[in-house]
Amino acid sequence: MDRSVSAVRTALPSLREELRLAPGAANGNGSPAWVMHDPVNNRFFRIGWLDFEILLRWSQGSAEQIAAQIRAETTLHALAEDVDALAEFLAQHCLIRIASSEGVTALQRRAQAQSTGWRQQLLRHYLFFRIPLVHPQFWLARMVVQLEWLFSGALAGALLLIALLGLFLVTRQWDVFAHTFVDQLSWSGLLGYAAALVVAKTLHEAGHALTAARYGVRVAHMGIAWVVFFPMLYTDTSESWKLTNPRQRLAIASAGIVAELALAALATLAWSLAPDGSLRNALFYLATTGWLLSLAINASPFMRFDGYFILCDLLDLPNLHERSAALARTWLRRTLLGLPVPWPERLPGQGNALMIIFAVLTWIYRLAVFFGIALIVYHSFFKVLGLALFALEIYYFILRPIHAEVRAWFALREKIAPWRRRSAWLLPVLLLLSGLLPWPGHVAASGWLHAGRQHIVHAPFAGRLVTLPTTVTVDAGQALFLLEAPELAISAGRAGALAAARGRELLGLIGLPEGEARRNSVEQQQAQFVAEEQLYRQEQLRLQLTAPFAGQLRDLDENLQPGVWVHPRQPLAIIIDPKSWVVDALVEEVDIARLAPGNRARVLIEGQNPYFLSGQVSEIDAGRTQNLPHPLLDAKHGGPLPTVAGAAGESVLRDARYRVRIVLDAPPHSPQMAVARVDIEGAAQAWLGSALERWAALLIRESGF
């Protein structure tokens, strides 16, 4: 509460009659506390011992008389200024009764100043609004008696054991679990997650409602809250402030998360034991939804979700966001502007420093969340409207608070030291100059590490394996695979037999009168069958697969055995030259002009022990690359490059990228194909012009102009 000294009043204003005062949980230092409830606005104010004693004597007379009575009847050292400060606080929050026309006029002016237009109201509430549906207090009171066993310690211990067992079983088949999560990222999978989300949130809100009813807290209503166009259930447990036991308030705040975690634990264990099928997929949706929502979203203290209220109860710091933000703003003004602004409050020990750190983390977290919301809004509408709503979201949630703080700084400009004001103007100028000057920079990209010379061994047509390679290191011309095609041998034998028959027929024509007339036709047939036999024999020779160069044999298909049939163009193995390794990097279109053959590059290989390799740019493609050199680069498979579905269903790069080949100076420590990140020396460029170019290209592309 603000304790700024106000003018001494001879008569105190009357309090509103509908205000309610109830005992609250003790403060952190052990002193008593009370909660004042404003039922009209449904707001709660926590007051301390001194404020309570003042309110008890509010009708006794002037501020001096109240302070004197408190000093005489209690151990508190009250001053008239304390009474005036409380009166100012009550007036500021409209907790006093307005009995004069001047007061009504002042209240109307204040309401008009605080009111916002319908446009701002629509902008503020179209992403989040509530629709009350039911008043569940009657049936909650009956259900909580029947479901008292849900709050037993035995059930909590059993659920903990189930969760540990389920997680242990998942770790034993983690590859299946992870691949299932990736495979479910489809439209049907999204529908499954949406259904699981409805089940999890229903159980979540039921946990809040039942726990509140168990402790005698009235649940005013339950309904649907629309959050970024997605309906979610909500429960009104605002009256939990009446509970003086902080453990009970903590139980109500954490009941939703506990319910979701219990559902996730049961679903995880059931998924580990269930056979493949639709039931196992449904259990997977419930398990992943419960774990992710509870741990990643609901448990976060940086938004006003369950984690925030749990943290407030654990630390006994109500209004944690507002108080920490006020301390952080004061710290910024004192540090950057050098203003001796008084601290809103002083917490014991390192409390103020921890609150400031919490506020900064909250700002960073909300920046990411609000930017994500803006992206969701953008993609939810057609291009032009989505772009306009995206800009509105960025302004309202991100730029508007920053603008308000800058305006507050500008209002205090006369109190700022001259050298700090000059620095405030000099900093943007220096920043602009740094953006206009060309700076030597680097171009970052992702690519695929592979041998500079490699050959995929495949069968030219269907055949049956006879022999397989027995060594990893091969020489040029060495036989690798021997296949046979019985139909070729049969066809070659048939053609040879027909050719031999035509030869015998030619011998029989010698000396016959009509032999010369038939000889030409028989000789042509014999030549045809001989050519067919040679063709079949040549085709059989193609089934003897040899190494085109000396190297190492990699990725031999483990399913290949003698007698196995292989289909045409089936990859059997890869031959690489281990002496030379290259990286095919895919560079963005805006950066390709900064590169040239001969530029040095640094390569980081993923999936191996972190180390860097050096190389040099050897080739730069003139045209953009459409297809990925390897599926592991696809973001759908955990890679770094986003793709979209092509006309034939194949993965096509979403953004324009160009292939840049980098030849490594030395082979990697573990010579194998892998995803790589490269950092290439580029030509000097001003970062401001590049940034504006990127934003302009993005704006033109996404707006559809």
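Everything numeric here is computed off the predicted structure, so don't read it as measured data.

Let us now look at the pairing of strand 16 (residues 581-588). With respect to burial, strand 16 is a largely interior element, 7 of its 8 residues being buried. Summarising the sheet, strand 16 and strand 21 (residues 657-664) pair through 7 bridges and their orientation is antiparallel. Across the sheet, residue E588 finds its bridge partner in strand 21, namely R657.

As summarised here, the arrangement of the 4 strands in space is 8-15-13-10, forming an open sheet in which the pairing is antiparallel. Both outer strands of the open sheet, strand 8 (454-458) and strand 10 (473-474), are each paired with one neighbouring strand and no more. Examined bridge by bridge, strand 10 and strand 13 (residues 551-554) share 2 bridges and lie antiparallel to one another. Bridge pairing in strand 13 links T473 to Q552.

Chain-level pLDDT for the chain is 81 on average; 88% of the residues reach the 70-or-more range. Taken element by element, the chain is modelled with least confidence in helix 5 (residues 118-125), mean pLDDT 57, and with most confidence in strand 21, mean pLDDT 92. Throughout residues 1-9 the model reports pLDDT below 50, and contacts reaching past four residues in sequence, or to other chains, amount to 24 contacts.

Considering all chains together, one arrives at 23 salt bridges under this definition. With a closest N to O distance of 2.6 Å, E53 and R57 form a salt bridge. R57 matches E53 in its accessibility class, with the two residues each being buried. For the salt bridge of R249 with D313, the shortest nitrogen-to-oxygen distance reads 3.6 Å. Taken together, the residues span a long stretch of sequence, with R249 in helix 10 (residues 246-273) and D313 in helix 12 (residues 306-315) at a distance of 64 residues. Each member of the salt-bridge network shares a partner with another, and the members are D584, E619, D621, R659 and R661.

Right, let's talk about the packing of aromatic side chains for a bit. This structure, assessed with the given rule, holds 6 aromatic pairs. Here the aromatic residues F302, F358 and Y365 are joined through ring pairs into a cluster of three or more. The ring of F612 is capped by R602, whose NZ or CZ atom sits 3.8 Å from the centre of that ring.

A few words on the pairing of strand 17 (residues 600-605). Side-chain direction in a regular strand flips from residue to residue, so the side chains alternate between the two faces of the sheet. Going residue by residue along strand 17, you find A601, V603 and I605 tucked away on one face and R600, R602 and L604 left uncovered on the opposite face. Pairing between strand 17 and strand 18 (residues 612-620): 5 bridges, direction antiparallel. Paired with V603 across the two strands is L613, which belongs to strand 18. Two strands pair when backbone bridges link them, and strand 17 and strand 22 (residues 674-681) are joined in this way by 5 bridges, in the antiparallel orientation. By the bridge assignment, I605 is partnered in strand 22 with A676.

So, how was this worked out
Residues numbered from 1 in each chain as written. Predicted model: local features only at pLDDT ≥ 70, side-chain atom pairs only at ≥ 80, totals over all residues. Heavy atoms only, no water. Buried < 20%, exposed > 50% of the residue type's maximum accessible area, 1.4 Å probe, protein only. Helix = DSSP H or I, 4+ residues; strand = E, 2+ residues; numbered from the N terminus. Pairing = 2+ DSSP bridges. pLDDT = per-residue confidence, 0-100. Contact = heavy atoms within 4.5 Å. Salt bridge = Lys/Arg side-chain N within 4 Å of Asp/Glu carboxyl O. Phe/Tyr/Trp six-rings, centres within 6.5 Å; stacked < 30°, edge-to-face > 60°. Lys NZ or Arg CZ within 6 Å of the ring centre and 35° of its normal.

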